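Examination of the molecular architecture
Below are the chains, spelled out letter by letter.
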Amino acid sequence: MKKIMTVDDSISVRQMVAFTLKEAGYSIVEAVDGLDGLNKAKSIPINMIITDLNMPNMDGIEFIRNVRTLPQYKYIPIIMLTTESQQEKKMAGKSAGATGWIVKPFNADQLLAVVRKVLP
Amino acid sequence: MKESHLQVFLLEANELLDEIEHTLLALEEDLNNSELISRAFRALHTLKGSGAMFGFDAIASFLHKIENVFDLIRNGELNLNSQIITLTLKSGDIIKKMLENQPIDENEIANINENFASFLNTGVSGEPSSSISESNIETNSNLKKYIIKFAPTETIFMSGTNPLLLIRELTELGESKIKAESSIPVLDQLDPTLCYVKWEIELVSERSINDIKDVFIFVEDDCILEISEEVIQTGIFENTINVKEDCEIVNDELAQTISKKTTAEVPKEVITSIRVNSDKLDELVNLVGELVIVQARLTQIAVKQNNLDLLSISEEVERLTWNLRDSTLNIRMLAIGTTFNKFKRLVRDLSMNLKKEVELVTNGGETEIDKTVIEKLNDPLIHIIRNSIDHGIESPEDRIKNGKSSVGEIKISAAQSGGYVYIKISDDGAGLDKNRILKKAIEKGLASWEKEYSDSEIYHFVFLPGFSTAASITSVSGRGVGMDVVKRSIETLRGTVEIDSNPGVGTVVTCKLPLTLAIIEGLLVRVSNEYFVIPLSQVEECVEYHTQKSFNRHGRSLIEIRGKLIPYISLNQVFELIPEYNPREQVVIIKDSEYKIGIKVDQIIGEQQVVIKSMGIVFKNVETISGATILGDGSVALILDVFNLIAKVEKSEQAYTNSTITY
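A brief structural summary.

Before going further, it helps to spend a moment on the overall build of chain B. When its secondary structure is counted, chain B shows 20 helices and 22 strands. With 663 residues in all, chain B has 43% of them scored as buried. Considering only residue pairs separated by 6 or more positions, chain B has 69% of its internal contacts joining residues 24 or more positions apart.

Okay, here's the thing in structure tokens:
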């Protein structure tokens, strides 16, 4: 079973992501911020990451950059959650190594469509 | 996104929303009309697509569920019902707000989304993602052939992108042929982390080019992407047939799509109408107004000098000026039908709110009326229609009890006659309750017990300020602003409003409106050394003062015309002008719907077309004058606001009688 990590300081977003993806047959790892996510990524093998950008301790961009330095995560898909006003953040995320983005607010269908788009 | 592009999108979005609304309202009468369902779906789909493109992601996501529901309906997996229509109409309103950046009630959206989701669940059984791929398959739009060249940068893997997934996604959009071209180097030079492959995909799909671009949205900057629609060599006709035959489209439908396609492509070259800022038009009308004044002066001078050459030129200029004036005013004319269409939604929502069944019938929507009049007409008409639905049309049970069909009917018709447009709003409801109106009028001190009132006098009470008979205040009407506001606003348009009713049969409200506000037919009169214009529409007749008997009773001047006493006002006194000895004074009789009043003047000069000039803000509190105009000799004539003038004189008379009683 493919393992997807959702990194977000908002519990409701994590729950929504987890619920949708579990139902679609993925297993979920939750992390509350970038630091937590990085630590978990080191100990658990993850197939894909969905991360928020605005987070305490370690923000999303920093987190993506750090994850990409780990050899086992060099090529996995990483999706960031942005709001539509964050065009420049989108670009920053991309150069940090994100695969794509989902604009908030999003619904279950959009989330699944994006996951299907990047995860084999 | 560029501002101008955004403007275009907003315009398109509003048009799409209007189309959705119209289609839905039409669908309500014919739930199974597949042509209309597809039209609604297409509009929703386009709106969603372009919304997402222009950054209105909230709208796009909101529309997604609605679109899916309509997709199910289109495929016959779900039956359209009025609940879906109501929800979709509501959603349309919310989207309008979203487009205008107005605050939105998130709960309402969630509520609507939930409702639509429930339709989705009843419609299909199965995994949630199926609705996405289902909406990918459209059955009857145009198939197009795309050639897509996709060459990712070598480092594409670094961002975690798997190009094969994108290719897979693309193949789901339609039938495809895929060619891969690789430039893989010899083994010892090969870097396994780099991508050496590029693709060329031939895709036959009914999706738009934007949908295809959407597939590559995450890699836009990391690849070379070329998408071209294949050129159709032998004309639209044959090619479309070939493609269409594949998807088994029946012949007449095909002919339709072809004709649509050709007409859709032509208008770019043949422009039949242009959009002009209405300010520019107003400016033009103003200039023409000035020209009319100058022309009148020219004519006057020509006549005075009695120079034949000058006369013939001035006549020529006069003819041209009138033509120019007519065609300029004509530009501002709009068919009133667009306003009528807005009422369909109003009637539908109101009648649902009040649990009544009401049908709206419109007639004469092609009647043209000045844009400025139409704009100001909206609110009064809405008010009248509201009243008709709320007070006029009975509940379905009552209607059946009274032997009527349970569905009430409101009819709006417009017709032009002379310089006026008559708009009639009639309902087949209970009619006005004379006794209740009279009782209420007496309660409010507007009428007295002792007096006998004619039917039309009683009906006239509803136009008085502060009159509202609704026993309970409903959300629709009865908030204290009543028909008096309607009357005021119609009167500011230089129109009149009348009401007639037949108990048990219905009520008719008739609004009479001038075709234009810029130029009016007026009666030019002289008082002392001043000139005044009385709008001709309000003039009933003119009589010579000295040939009639006149009286003075209770501080009020009266004149007897054909055995009837009519009160009159002397403009001399009102405006405190120096009276002159004049054996040929005239009285102009003004007719309101209910009463006649005379205005005494020194001389009637004649009928005249006058160009209305508004007076400066300094004079905005002068109620008795509604504007001014410039006469042929360059002098100024004031345009009387007759009804305000009468009201003012009445007030001062009352003050006079009261004071004489006290002392």
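Now, onward.
This part is about the sheet that holds strand β1 (residues 144–152) of chain B. All names here are of chain B. Across the sheet, 4 strands lie side by side as β2-β3-β1-β4; this open sheet has antiparallel pairing. The sheet is open, and its two borders are formed by β2 (175–182) and β4 (223–229), each paired with just one other strand. Strand-to-strand twist in this sheet, taken as the mean axis angle between neighbours without regard to direction, amounts to 15°. Pairing analysis gives 8 bridges linking β2 to strand β3 (residues 197–205), with the strands arranged antiparallel. Each residue of the ladder has a partner; that of Ala180, found in β3, is Trp199.

Contacts between the two partners involve 27 residues from chain A, matched on the other side by 30 residues from chain B. Between chain A and chain B lies a buried interface of about 2200 Å² when both sides are counted; carbon and sulfur atoms form 53% of it. Ranking the residues of chain A by area buried against chain B places Tyr75, Asp109 and Lys117 of chain A at the top, with a combined share of 32%. Here chain A and chain B share 3 salt bridges between them. Remark: the boundary between chain A and chain B carries 10 residue pairs in polar contact (both at pLDDT 80 or more). When residues in the side of chain A that touches chain B are grouped by element, the largest group, 8 residues, is from helix α5 (residues 108–118) of chain A. In terms of residue class, the side of chain A that touches chain B is built from 15 nonpolar, 5 polar and 7 charged.

Residue and element names in this part refer to chain B. A positive phi angle, near 45°, is found at Arg562, a position not held by glycine. Of note, Arg562 is situated in the loop between β16 (556–561) and β17 (564–570). A positive phi angle is found at Glu576, which is not glycine, with a value near 50°. For Glu576, the position within the fold is in the loop between α19 (571–574) and β18 (586–591). Here Glu576 falls in the exposed class, since its relative accessible area comes to 72%.

Within the largest apolar cluster, 47 residues are counted, with the highest numbers of intra-cluster contacts made by Ile385, Ile423 and Leu513 of chain B. Among the elements that line this core, the one with the most residues is helix α14 (residues 371–392) of chain B, at 7 residues. Those residues in contact with Ile423 of chain B that lie beyond four places of it in its chain are Ile336, Leu377, Leu381, Ile412, Ser413, Ala414, Val509, Thr510, Cys511 and Leu513 of chain B. Ranked by size, the runner-up nonpolar core spans 44 residues in total, among them Met5, Val13, Ile76 and Ile102 of chain A.

The next thing to look at is the sheet that holds strand β8 (residues 408–417) of chain B. Residues and elements named next belong to chain B. Taken in spatial order, the 5 strands make up an open sheet running β6-β8-β9-β11-β10, and their pairing is mixed. Among the strands making up the open sheet, the edge pair consists of β6 (358–363) and β10 (496–502). Going across the sheet, the axis of each strand differs from the next one's by a mean of 15°, ignoring polarity. As paired elements, β6 and β8 share 6 bridges and run parallel to each other. Its bridge partner being in β8, Glu359 is matched across the sheet by Glu409. Seen against the sheet, helix α13 (residues 337–353) touches β6 and β8 and runs at an angle of roughly 170° to β6. Lying on the sheet, α14 is in contact with β6, β8, β9 (420–427) and β11 (506–514); it crosses β9 at an angle near 20°.

With that settled, the discussion passes to the environment of Ala13 of chain B. Residues and elements named next belong to chain B. Among the secondary structure elements, Ala13 is positioned in helix α1 (residues 3–29). Classification of Ala13 by relative accessible area gives buried; the value is 1%. Between the alpha carbons of Ala13 and Ala43 there is a distance of 9.3 Å; along the sequence they are 30 residues apart. Beyond its immediate stretch of four places on either side in the chain, Ala13 contacts Leu47 and Leu99.

Here we come to the side chain of Asp71 of chain B. Residue placement: Asp71 of chain B occurs in helix α3 (residues 57–74). For Asp71 of chain B, a relative accessible area of 2% gives the class buried.

Moving on, we come to the pattern of salt bridges. Residues and elements named next belong to chain B. Under the defined criterion, the tally for this structure stands at 33 salt bridges over all chains. Salt-bridge contacts for Arg207 lead to Asp211; the nearest nitrogen and oxygen are separated by 2.9 Å. When sorted by exposure, Arg207 lands in the same class as Asp211, which is buried. Each of Glu21, Glu28, Asp93, Arg345, Arg348 and Asp349 takes part in salt bridges that share partners, so that together they form one network.

Take empty space enclosed by the protein next. All names here are of chain B. Applying the stated criterion across every chain yields a total of 3 cavities of 30 Å³ or more. Of the pockets and cavities examined, the largest cavity occupies roughly 100 Å³. For the lining of the largest cavity, the secondary structure elements donating two or more residues are α1, α3 and α4 (82–99). If you tally residues by element for the lining of the largest cavity, the top one is α4, at 7 residues. Partitioning the lining of the largest cavity into residue classes produces 8 nonpolar, 3 polar and 5 charged. Its volume calculated, the second largest cavity comes out at about 50 Å³. If you trace the second largest cavity, you find it lined by Tyr420, Arg494, Gly495, Thr496, Lys512, Ser537 and Gln538. Split into classes, the residues belonging to the lining of the second largest cavity amount to 1 nonpolar, 4 polar and 2 charged.

Criteria and thresholds
Residues numbered from 1 in each chain as written. Chains lettered and ligands numbered in written order. Predicted model: local features only at pLDDT ≥ 70, side-chain atom pairs only at ≥ 80, totals over all residues. Heavy atoms only, no water. Helix = DSSP H or I, 4+ residues; strand = E, 2+ residues; numbered from the N terminus. Buried < 20%, exposed > 50% of the residue type's maximum accessible area, 1.4 Å probe, protein only. Contact = heavy atoms within 4.5 Å. Pairing = 2+ DSSP bridges. Axes fitted to C-alpha atoms, helices over the stretch in contact; angles between N-to-C directions. Buried area = accessible area lost by both parts, 1.4 Å probe. Salt bridge = Lys/Arg side-chain N within 4 Å of Asp/Glu carboxyl O. Polar contact = N/O pair within 3.5 Å; in protein donor to acceptor, adjacent residues only side chain to side chain. Nonpolar A, V, L, I, M, F, W, Y, C, P; charged D, E, K, R; others polar. Core = buried A, V, L, I, M, F, W, Y, C linked by side-chain atoms within 4.5 Å. 1 Å grid on protein atoms, 1.4 Å probe; cavity = no way out; pocket = protein on both sides within 12 Å on 5 of 7 lines; lining within 4 Å. Points joined across faces, edges and corners; volume = space filled by probe spheres on them.

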